[in-house]
Amino acid sequence: AVHATLAHAQVRFHTTPLVYAETILALSGEEHGTVIDVGSEVSDVIVLSKRAVAFVGSVPFGSHTLARSVATKVGPAQSSLSDSMSRLVMFVKNELADKDMQAVAAALTDIAVPWQTAFNDVLATAGNTVPVPHRFFLVGEKDELLWFEQVATTSSTRVSVPPTKVLPDFFKSTLTFGEGGVFDSSLALGALFFHMRGSSNTAHAVNERVVYSIQ
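A short tour of the structure in this document, coming up. (Residues numbered from 1 in each chain as written. Predicted model: local features only at pLDDT ≥ 70, side-chain atom pairs only at ≥ 80, totals over all residues. Heavy atoms only, no water.)

### Examining the environment of Leu192
Right, so step 1: Mapped onto the elements, Leu192 comes out in helix H7 (residues 185-197).
Right, so step 2: Once the C-alpha coordinates of Leu192 and Val19 are considered, the two residues, 173 residues apart in sequence, prove to be 8.9 Å apart. (Helix = DSSP H or I, 4+ residues; strand = E, 2+ residues; numbered from the N terminus.)

### Regarding the pattern of salt bridges
Right, so step 1: For the coordinates displayed, the defined rule picks out four salt bridges.
Right, so step 2: In this structure, Asp110 and Lys73 form a salt bridge, with 2.7 Å as the shortest nitrogen-oxygen distance. Here Lys73 lies in helix H3 (residues 63-74) and Asp110 lies in helix H5 (residues 98-127), a separation of 37 residues in the sequence.
Right, so step 3: When its relative accessible area of 47% is taken as the criterion, Lys73 is described as partly exposed. (Salt bridge = Lys/Arg side-chain N within 4 Å of Asp/Glu carboxyl O. Buried < 20%, exposed > 50% of the residue type's maximum accessible area, 1.4 Å probe, protein only.)

### Some details on the packing of aromatic side chains
Right, so step 1: Tallied over the full model, the rule gives eight aromatic pairs.
Right, so step 2: Measuring from ring centre to ring centre gives 5.6 Å for Phe170 and Phe171, while their planes differ by 90 degrees; the resulting arrangement is edge-to-face.
Right, so step 3: When its relative accessible area of 10% is taken as the criterion, Phe170 is described as buried.
Right, so step 4: Measuring from centroid to centroid gives 6.2 Å for Phe171 and Phe183, while their planes differ by 65 degrees, and the two rings are edge-to-face. Placement of Phe171 in the loop between strand S5 (164-165) and strand S6 (175-177) and of Phe183 in the loop between S6 and H7 is noted, with a sequence separation of twelve residues between them.
Right, so step 5: Its relative accessible area of 0% is what places Phe171 among the buried residues. (Phe/Tyr/Trp six-rings, centres within 6.5 Å; stacked < 30°, edge-to-face > 60°.)

Given below as structure tokens:
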């Protein structure tokens, strides 16, 4: 969007990757990592190296894209997106009938291929300029990550071991989740990031609990 207006502008600041880099690495104690931020229609890939953002790319498939594809393969044809998302969660929890379990498993394996291919292309591009860490962090909606983890975790995508999912337990005692609030991983990372940035000593800021709640 910037380059459409100013073709030769140099873009140096990526807000979301910076938030993820500082917060995830501070909480995990790592200096390197690869973040997969699963959105509805796009999955962003952020390579973190030496506690800094080293590469940012994207995969043109997200959780809703894949869920719609599952719906068209499994049916019925009139299935809504919410129906398909619910069915995928039930699949992971082994709560479907055997026939449906097999159908969803086959569909998920099939529709994962385009995502995995595009993801590998992003990693290959990143690898031209920076080593790609094999410690992966998966950011997204809680229910969606239950099944999306299966899409990302294959030997062909280098995510050969389960990635670290950024969910409430990832924050341990750093965040206090308000009663009745709805968890959102991106906003939780953002809340903690701005708390840390306001501290004169970032290393000690993560030891101070932050109250967090979204109604």
